[in-house]
Amino acid sequence: MSDVDYDFVIVGAGPAGLTAALYAGRARLSVLVLEKAAPGGQVLVTDWIENYPGFPEGVSGYDLIEKMTEQVKRFDVVIQTGEVVSMDLGGPVKKLELKDRTIAARTVLIATGASASRLGVPGENRYLGRGVSTCATCDAPFFRDSVVVAVGGGDTAIQESIFLTRFVKKVYLVHRRDELRAVKVLQERAAANEKLEIIWDSTVTEIKGSDAGVAAVAVKNLKSGQESDIAAEGCFIWVGTDPNTAFAKGHVEMDEGGFIITDDHRQTNIPGVYAAGDVRRTPLRQIVTAVGDGAVAAYEAMHYLENL
């Protein structure tokens, strides 16, 4: 097979991509990791991680990714900034189209992760970056001593809301059900936090404000139908994730949500093309599962290359 730049190209440098790079690099494959921003993905802006093995006191997202990246670089893995805009995966040589060049590889791993979902309500886009945020770690200091509204009920929503209380005067957490989906230990911490108040059975219907930024968040109770405004200077949204798979649509099989479908070997419907981490259809999206996915995908890519 000629005119191939790398044995293994990994698109995305989050925990799944970096782990795959580590395994492939140690196997002495020629490996390229492409990341359109900084390595780390959503983990990079996660304040504190308590459920990753080996860190009994927890670890910051930044520190964990920094250690992963250092480890990968020990094995001659190339990490470059670049965004894949299209792909040709039909033949034995896979071609990835970037804005400025084409890369040819024998195997490809898609590990581009997922991004925070939006509410789709009036005012959300207008005030994004001006009072509306999906990252407490990034933006909490801008709301010091303010009142903010948060939206969600899962682990991320509770973790980030608790983090917000370090800075703000009050967090009103709006949740559409009468019980949280977060793990019990997080629910207990939320209940014990005097700065955190949960607005049950409710949804946000509008984010209001002026040229100066957010001024209030409109909330509707789903049981009574009652509507009210919460005076607030910010709104933080954690209501799920959308896969970063736009560039791969039409190239690999996906489910109705846009998550990539794989078999137990993390292979897509195309031989030699794999998916790992949050971008994949999976019942659990955590750092530890992304790392496992990356290891399996790299292992299977090695066997695929041996059999070519």
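What you see is a predicted model, and the numbers here were worked out from it, not measured in a lab.

**Q** Help me out: how do you make sense of the overall build of the protein chain in this one?
**A** Broken down by element type, the protein chain carries 6 helices and 17 strands. The C-alpha atoms of the protein chain give 21 Å as radius of gyration, which agrees with the globular expectation for 308 residues (19 Å, within 12%). For the protein chain, the proportion of its 308 residues judged to be buried stands at 52%. Of the contacts made within the protein chain by residues no fewer than 6 positions apart, 61% connect residues no fewer than 24 positions apart. As displayed, the protein chain offers around 14900 Å² of accessible surface, 47% of which is attributable to carbon and sulfur atoms. Within the protein chain, one finds 32 positive and 41 negative side-chain charges whose respective centroids are separated by 1 Å.

**Q** Just to check I follow, could you spell out the pattern of salt bridges for this structure?
**A** Pairing between side chains becomes possible if they bear opposite charge and their charged atoms approach one another. Per the counting criterion, the structure on display carries 10 salt bridges. Here Arg189 makes a salt bridge to Glu50, at a shortest N to O gap of 2.8 Å. Taken together, the residues Arg189 in helix H5 (residues 184-192) and Glu50 in the loop between strand S2 (31-35) and helix H2 (61-73) connect sequence positions 139 residues apart. Arg189 sits in the partly exposed class, given a relative accessible area of 38%. A residue is classified by how much of its surface remains accessible, and Glu50, at 45% relative accessible area, is partly exposed. Three or more residues joined by partner-sharing salt bridges are found here, namely Arg266, Arg280 and Asp293.

**Q** Looking at this structure, how should I read the environment of Arg177?
**A** Checked against the element boundaries, Arg177 lands in the loop between strand S10 (170-174) and H5. In sequence terms Arg177 and Glu57 are 120 residues apart; their C-alpha atoms lie 32 Å from each other. Contact partners of Arg177, with chain neighbours within four places excluded, come to Trp200 and Asp201.

**Q** What am I meant to see in the packing of aromatic side chains here?
**A** Ring pairs (aromatic) are described by centroid distance and by the angle formed between their planes. As enumerated under the stated definition, the model contains 4 aromatic pairs in all. Centre to centre, the rings of Tyr52 and Phe55 are 6.3 Å apart; their planes meet at 35°, and the pair counts as tilted. The exposure class of Phe55 is partly exposed, given its relative accessible area of 25%. These aromatic residues form a ring-pair network of at least three members: Phe143, Phe236 and Trp238.

**Q** Mind showing me how you'd approach the environment of Ala150 here?
**A** By secondary structure assignment, the location of Ala150 is in strand S9 (residues 147-151). We classify Ala150 as buried; its relative accessible area is 0%. Taking the C-alpha atoms as reference, Ala150 lies 4.6 Å from Leu173; in sequence the two are 23 residues apart. When sequence neighbours within four positions are dropped, the list of residues in contact with Ala150 reads Ser161, Val171, Tyr172, Leu173, Val174, Phe236 and Trp238.

**Q** Where do I start with the sheet that holds S9 in this structure?
**A** Whenever strands of a sheet pair, they do so through backbone hydrogen bonds, lying parallel or antiparallel. One open sheet holds the 5 strands; their spatial order is S8-S15-S9-S10-S11, and the pairing between them is parallel. For this open sheet the edge positions go to strand S8 (132-133) and strand S11 (196-199), each flanked by a neighbour on one side alone. Here 4 bridges tie S10 to S11, and the two strands are oriented parallel to one another. Across the sheet, residue Val171 finds its bridge partner in S11, namely Leu196.

**Q** I tried to follow the pairing of strand S3 (residues 78-81) on my own but got confused; where do I start?
**A** On a regular strand, one side chain projects to one face of the sheet and the next to the other, so that they alternate. Both S2 and S3 contribute to a ladder of 4 bridges, which runs parallel. In the strand pairing of S3, Val33 is matched with Ile79. Crossover handedness for the path S2 to H2 to S3: right-handed.

**Q** Help me understand the sheet that holds strand S14 (residues 227-231) in this model?
**A** Across the sheet, 3 strands lie side by side as S12-S13-S14; this open sheet has antiparallel pairing. Two strands close off the open sheet at either side, each with one partner strand: strand S12 (202-210) and S14. Strand after strand, the sheet turns through a mean of 25° between neighbouring axes, direction not considered. Relative to strand S13 (residues 213-221), S12 is paired through 8 bridges, and the arrangement is antiparallel. Directly across from Val204, in S13, lies its bridge partner Val219.

**Q** What should I look at first to understand the nonpolar core in this one?
**A** In summary, soluble globular proteins display a tendency toward joint burial of nonpolar side chains. Among the nonpolar cores identified, the biggest contains 35 residues, and Phe8, Ile10, Val31 and Leu109 are the most heavily contacted of them. Elements with a contribution of two residues or more to this core: strand S1 (6-11), helix H1 (15-26), S2, H2 and helix H6 (287-306). If near-sequence neighbours (up to four positions away) are discounted, Val31 is found in contact with Tyr6, Phe8, Ile10, Ala21, Ala24, Gly25, Val77 and Val78. Residues Tyr6, Val9, Met254 and Val273 belong to the second largest nonpolar core, which totals 23 residues.

**Q** Would you mind going over H5 with me for this structure?
**A** The periodicity of an α-helix, 3.6 residues per turn, causes residues three or four positions apart to be oriented the same way. Three or more residues of H5 are buried, namely Leu186, Gln187 and Ala190. Taken around the axis of H5, the buried residues stretch over an arc of 100°, which confines them to a single face. Opposite its buried face, H5 presents the exposed residues Lys184, Glu188, Ala191 and Ala192, each directed more than 90 degrees away. Packing partners of the buried residues in H5 comprise helix H4 (155-164) and S11.

What counts, and where the lines are drawn
- Residues numbered from 1 in each chain as written.
- Predicted model: local features only at pLDDT ≥ 70, side-chain atom pairs only at ≥ 80, totals over all residues.
- Heavy atoms only, no water.
- Helix = DSSP H or I, 4+ residues; strand = E, 2+ residues; numbered from the N terminus.
- Rg over C-alpha atoms; globule rule 2.2 N^0.38 Å.
- Buried < 20%, exposed > 50% of the residue type's maximum accessible area, 1.4 Å probe, protein only.
- Contact = heavy atoms within 4.5 Å.
- Areas by Shrake-Rupley, 256 points an atom, 1.4 Å probe, with all protein chains shown as cover.
- Lys, Arg positive; Asp, Glu negative; His and termini not counted.
- Charge placed at Lys NZ, Arg CZ, Asp CG, Glu CD.
- Salt bridge = Lys/Arg side-chain N within 4 Å of Asp/Glu carboxyl O.
- Phe/Tyr/Trp six-rings, centres within 6.5 Å; stacked < 30°, edge-to-face > 60°.
- Pairing = 2+ DSSP bridges.
- Right-handed = clockwise from strand over helix to strand, strands pointing away.
- Axes fitted to C-alpha atoms, helices over the stretch in contact; angles between N-to-C directions.
- Core = buried A, V, L, I, M, F, W, Y, C linked by side-chain atoms within 4.5 Å.
- Arc of directions from axis to C-beta.

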